[in-house]
Amino acid sequence: QVQLVESGGGLVQAGGSLNLSCTASGTIFRINAMAWYRQAPGQQRELVADISISGDTNYAYSVKGRFTISRDSAKNTMSLQMNRLKPEDTAVYYCNGDIRRTLWSPLTIFWGQGTQVTVSS
């Protein structure tokens, strides 16, 4: 099986920084795109940033210039450096990966369990 585990969430004051990490483990042949999503209470889950296998990145307008997504494909890890945090960034942050478990397996999206980020004003 495949597991994605997020870490690094917590409580921070507005203007502060946090670094989230996501580690994928299990039977993994290749991870294509990876992404961070977030879900605030009462709202739909939204894309924060994604990164392709070649390192191309894409950001939500609301975080562009403040957040940086990166990955280490050799270690099956991904990070999200979040700077100049705002109260509206408060949410549960989830990582996902588009993963091929073996050479012959189809690509499948796997999700982590999420990590809480709370930004106080």
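The coordinates are above.
Conventions and cut-offs
Residues numbered from 1 in each chain as written. Predicted model: local features only at pLDDT ≥ 70, side-chain atom pairs only at ≥ 80, totals over all residues. Heavy atoms only, no water. Disulfide = S-S within 2.5 Å. Helix = DSSP H or I, 4+ residues; strand = E, 2+ residues; numbered from the N terminus. Patch = residues over 30% accessible without salt bridge, like charges linked within 9 Å, V, L, I, M, F, W, Y side chains within 5 Å. Areas by Shrake-Rupley, 256 points an atom, 1.4 Å probe, with all protein chains shown as cover. Salt bridge = Lys/Arg side-chain N within 4 Å of Asp/Glu carboxyl O. Buried < 20%, exposed > 50% of the residue type's maximum accessible area, 1.4 Å probe, protein only.

### Looking at the state of the cysteines
Then comes step 1: The full count for this structure, using the stated rule, is one disulfide.
Then comes step 2: Across the disulfide from Cys22 sits Cys95; the S-S distance is 2.1 Å. Given an S-S torsion of about 55°, the disulfide between Cys22 and Cys95 has right-handed geometry. A residue pair is termed long-range when its members are at least 10 positions apart, and Cys22 in strand β3 (residues 18-26) and Cys95 in strand β9 (residues 91-100) qualify at 73 residues.

### Comments concerning a nonpolar patch on the surface
Then comes step 1: Taken together, the side chains of Phe29, Leu103 and Trp104 make up a nonpolar region of the molecular surface, amounting to roughly 410 Å² of accessible area.
Then comes step 2: Along the chain, Leu103 falls in the loop between β9 and β10 (107-111).

### Description of the pattern of salt bridges
Then comes step 1: With the rule as written, the count across this model stands at three salt bridges.
Then comes step 2: Ionic pairing is found between Arg38 and Glu46, a salt bridge with its closest N-O pair at 2.7 Å.
Then comes step 3: Residue Asp89 pairs with Arg38 through a salt bridge whose shortest N-O separation is 2.9 Å. Here Asp89, found in the loop between β8 (77-82) and β9, pairs with Arg38, found in strand β4 (residues 30-39); they are 51 residues apart in sequence, far enough to count as distant.
Then comes step 4: Residue Asp89 is classed as buried on the basis of its relative accessible area of 1%.
Then comes step 5: Put simply, Arg38, Glu46, Arg66 and Asp89 are held in one network by salt bridges that share partners.

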